[in-house]
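Examination of the molecular architecture
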Amino acid sequence: MFIRNCWYVAGWDQELAPGALLSIKIIDDPILVYRTDDGDLVAMEDRCCHRLAPLSLGRLEDGCNIRCMYHGLKFDPFGRCVEIPGQDTIPSTARVRTYPVVGKHSWIWVWMGDPSLADEALIPPAVGYDDPRYILRHGNIDYAANYQLINDNLTDFSHLSYVHANSFGSTELWARIRPLIKVIDRGIRVTRWVGPEDQALKPDAPATKRVPDITGPTALFSTYDYLVPGVLLMYSAIYRAQDMPEDRVSWPDAEPIAANFTSQALTPMSETETRYFFSWGPRSVEGTPEMADGMFKVAQMAFAEDKDMIEAQQRIINLKPGNEVLTTADVGPVQMRAVIRKMIKAENGDMAGAPDATPAVLDAVS
Ligand code: FES
Ligand SMILES: [Fe+2]
């Protein structure tokens, strides 16, 4: 099951040219997104009301309308049929569903639930790849896996020691560090300090290697909000070790040596397919295009490592599902699943099909 009253990323805003027809399945609904000649975004069901052919095989006409290229019915941006070839009367039922859609932070956001509840303020505050504060690279990949498995992965970085030992250069000591996790509105916040004595990163790990001329011990700070349905917004920075707060939780007062930002969003296409959008890069103040390229190359390598593991995990679950034994590293995944479960329950009024929250584990580790 999925949350419906939620903004889902359909694609990259700047990359959708007028006249281009973007077809994507979002939570099992076929969606067509296009831009009119005036630049307005339109999202409608990618399913003609005549004989259910995909409208994404149609064409843009009059700068704003879509003609189905099966038998020629034409629809306006509100989904109303405005022309039936060879027929003067158009029945009022001849229409397709449209969805609230907004272009923001480089993403096209589609609201899949009740249109009267579509509030732009609920769009997660991602950083667009054209934001001048950062030099960001971007991409997307498809997973043959349920989005909740990827949410689990992104809310528990203990896997860095094993899955990403080669890309991010995390040592096995990394997995022993437990972040601070807080439930926030529509998600969780995960904050972590890694001091030099933690020896959590190999000396040649990209996070430390990227910044030239560092002398003395350094500490790594990262904090991210993870918001429904699966949006990760993470700020990471390297500080001089002496600037690390004693509580190892607070934001530092000092200026970092270097910092970077990543925005990532999961779009569940169905229960078994997920599209993963991401951007990453350094601050412009100390970053260079070469540094951005290098950072993105490492990130892409890491994303491929995650995909291999999670798709393999999904195959085993399909083959032989079973109970899981959770650990204290699972607090993030458990909290996030609880947030999603609660929202699905509020929308549906029952728990049928909602993902397990395993509250007993929360009690055991909180
Ligand atoms: S299916 Fe679209 S016009 Fe017939
Ligand atoms: Fe990962």
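Residues numbered from 1 in each chain as written. Chains lettered and ligands numbered in written order. Predicted model: local features only at pLDDT ≥ 70, side-chain atom pairs only at ≥ 80, totals over all residues.

The next thing to look at is the overall build of the protein. Looking only at helices and strands, one finds 6 helices and 18 strands in the protein. In terms of overall size, the protein behaves like a compact globule, its C-alpha atoms giving a radius of gyration of 23 Å where 366 residues would be expected to give roughly 21 Å. Sequence separation of 24 or more characterises 58% of the internal contacts of the protein that already satisfy a separation of 6 or more. (Helix = DSSP H or I, 4+ residues; strand = E, 2+ residues; numbered from the N terminus. Rg over C-alpha atoms; globule rule 2.2 N^0.38 Å. Contact = placed C-beta atoms within 7 Å.)

Another point: the nonpolar core. Formed by 94 residues in total, the largest nonpolar core has its most connected members in A10, V33, A43 and V110. Three or more residues apiece are contributed to this core by two domains, here domain 1 (7-122) and domain 2 (137-334). Once you skip the residues sitting within four places of it in the chain, A43 turns out to touch A10, I31, V33, T98, Y99, V101 and V110. (Core = buried A, V, L, I, M, F, W, Y, C linked by C-beta atoms within 7 Å. Buried ≥ 20, exposed ≤ 12 C-beta atoms within 10 Å, placed from the backbone. Domains from an automatic or database assignment.)

It is worth spelling out the domain arrangement of the protein at this point. For the protein, the assigned domains read domain 1 (7-122) and domain 2 (137-334). Taken together, the contacts link 10 residues of domain 1 with 9 residues of domain 2. Grouping the constituent residues of the side of domain 1 that touches domain 2 by class yields 7 nonpolar, 1 polar and 2 charged. (Nonpolar A, V, L, I, M, F, W, Y, C, P; charged D, E, K, R; others polar.)

Moving on, we come to the environment of D225. With respect to the element layout, D225 can be found in strand β15 (residues 218-227). In this structure D225 comes out as buried when scored by C-beta crowding, with 20 C-beta atoms within 10 Å. Between the C-alpha atom of D225 and that of P206, which follows or precedes it by 19 residues, the distance is 23 Å. If near-sequence neighbours (up to four positions away) are discounted, D225 is found in contact with I184, G187, R189 and L233.

Counting through the fold element by element, P54 comes out in the loop between β4 (41-45) and β5 (59-61). The contacts of P54, once residues within four sequence positions are left out, are S23, P30, D46 and R47.

With that settled, consider the sheet that holds strand β8 (residues 81-83). Each strand in a sheet pairs with its neighbour through backbone hydrogen bonds, running either in the same direction (parallel) or in the opposite one (antiparallel). Judged by pairing direction, the sheet is antiparallel, and its 4 strands sit side by side in the order β5-β6-β7-β8 without closing on themselves. In this open sheet, the two edge strands, each paired with only one partner strand, are β5 and β8. (Pairing = 2+ DSSP bridges.)

Here we take up the confidence of the model for the protein. Summarising the model, the protein shows a mean pLDDT of 92, and 93% of its residues fall at 70 or more. Of the regions scoring below 50 in pLDDT, residues 357-366 engages in 12 contacts with residues more than four places distant in sequence or in other chains. (pLDDT = per-residue confidence, 0-100.)

Most of β4 sits inside the fold, with 4 of its 5 residues counted as buried. Of the strand pairs in this sheet, strand β3 (residues 29-35) and β4 are connected by 5 bridges, and their pairing is antiparallel. Residue pairing in the sheet places I31 in a bridge with E45 of β4. Hairpin connection of β3 to β4: 5 residues between the antiparallel strands, including G39 at a positive phi of 95 degrees. Relative to strand β9 (residues 98-99), β4 runs antiparallel, the two being bridged by 2 bridges. Following the sheet pairing, A43 is matched in β9 by Y99.

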